[in-house]
Every structure is written in structure tokens, then in C-alpha cells.
Amino acid sequence: MFTTVTTVDVELGPLERSCGVAYIGDAQLDDGPLPLGAHFALRDEGGLCHDATVLAVEQGRYGRRYRVSFVEAV
């Protein structure tokens, strides 16, 4: 069963910001796995929150890896 995750802390680099796509892993999730299509917030290193959606879930070497799209905070 999936748990709702409201905020995930990440560091966003220039390439991620320009593409609007980032990758996160299971280790960054405190509340459990994210389902495909889940909507949540990414909080960057500056404390700004971005609306995010899970685009793909892949099996990585150390757990699941999530490709997410996000909208730059205004």
C-alpha cells in the first residue's frame, strides 16, 4: 500500500532546473514509496517548494528510483 508523501528534500542543479526533471531515490523518502503519477512537493536547498509529479518508477541498484517533473517555484 502506498503512503502519501507531501514533501521531499532535494538539491536541484542547473541542468535539473532548466529541464524541470529530477531523480530521487527511496533513501530520500521518509513516508514510503511513491506511486506513478503521485503529486507532491520538492523542497530545494533554499527552502523553496516546487510542485512535482512522478513520471516513472525504475528499479535501481539500491532500491527504486523515481523520475519526477517539477515546476519552478515562483
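Throughout what follows, the structure given in this document is the object of discussion. Here the structure is a predicted model, which means the values were calculated and not measured.

**Here's the deal with the overall build of the chain**
For the chain, the count of helices and strands is one helix and five strands. The N-to-C order of helical and strand elements in the chain reads β-α-β-β-β-β. For a compact globule of 74 residues, the expected C-alpha radius of gyration is about 11 Å, and the chain comes in at 11 Å, within 12% of that figure. For the C-alpha atoms alone, the extent of the chain along its principal axes is close to 35 × 20 × 20 Å. For the chain, buried positions account for 30% of its 74 residues.

**So, the sheet that holds strand S3 (residues 39-43)**
Read from one edge to the other, the open sheet built from five strands follows the order S1-S3-S4-S5-S2, with strand pairing classed as mixed. Two strands in the sheet have a free side with no partner beyond their single neighbour: strand S1 (7-9) and strand S2 (21-25). Across the sheet, the mean angle separating the axes of adjacent strands is 40° when strand polarity is ignored. Bridge analysis of strand S4 (residues 49-60) against strand S5 (residues 63-71) gives nine bridges, and the strand direction is antiparallel. Paired with Gly60 across the strands is Gly63, a residue of S5.

**What to know about the nonpolar core**
It is characteristic of soluble globular proteins that their nonpolar side chains tend to be buried jointly. Of all hydrophobic cores here, the largest spans 15 residues; its most connected members are Ile24, Leu34, Phe40, Leu42 and Val68. The element that contributes the greatest number of residues to this core is S5, accounting for three residues.

**A look at the pattern of salt bridges**
Following the criterion strictly, the structure yields six salt bridges and no others. Here Arg64 and Asp26 are joined by a salt bridge, their closest N and O atoms 3.5 Å apart. Here Arg64 is found in strand S5, whereas its partner Asp26 is found in the loop between S2 and S3, with 38 residues between them in sequence. Look at Asp26 and you get partly exposed, because its relative accessible area is 22%. One salt bridge in this structure joins Glu58 and Arg65, with 3.2 Å as the shortest N-O distance. Given the relative accessible area of 38%, Arg65 is considered partly exposed. One salt-bridge network, in which partners are shared between bridges, spans Arg17, Asp44, Glu45 and Glu72.

The rules we used
Residues numbered from 1 in each chain as written. Predicted model: local features only at pLDDT ≥ 70, side-chain atom pairs only at ≥ 80, totals over all residues. Heavy atoms only, no water. Helix = DSSP H or I, 4+ residues; strand = E, 2+ residues; numbered from the N terminus. Rg over C-alpha atoms; globule rule 2.2 N^0.38 Å. Buried < 20%, exposed > 50% of the residue type's maximum accessible area, 1.4 Å probe, protein only. Pairing = 2+ DSSP bridges. Axes fitted to C-alpha atoms, helices over the stretch in contact; angles between N-to-C directions. Core = buried A, V, L, I, M, F, W, Y, C linked by side-chain atoms within 4.5 Å. Salt bridge = Lys/Arg side-chain N within 4 Å of Asp/Glu carboxyl O.

Geometric values such as these leave the question of function open.
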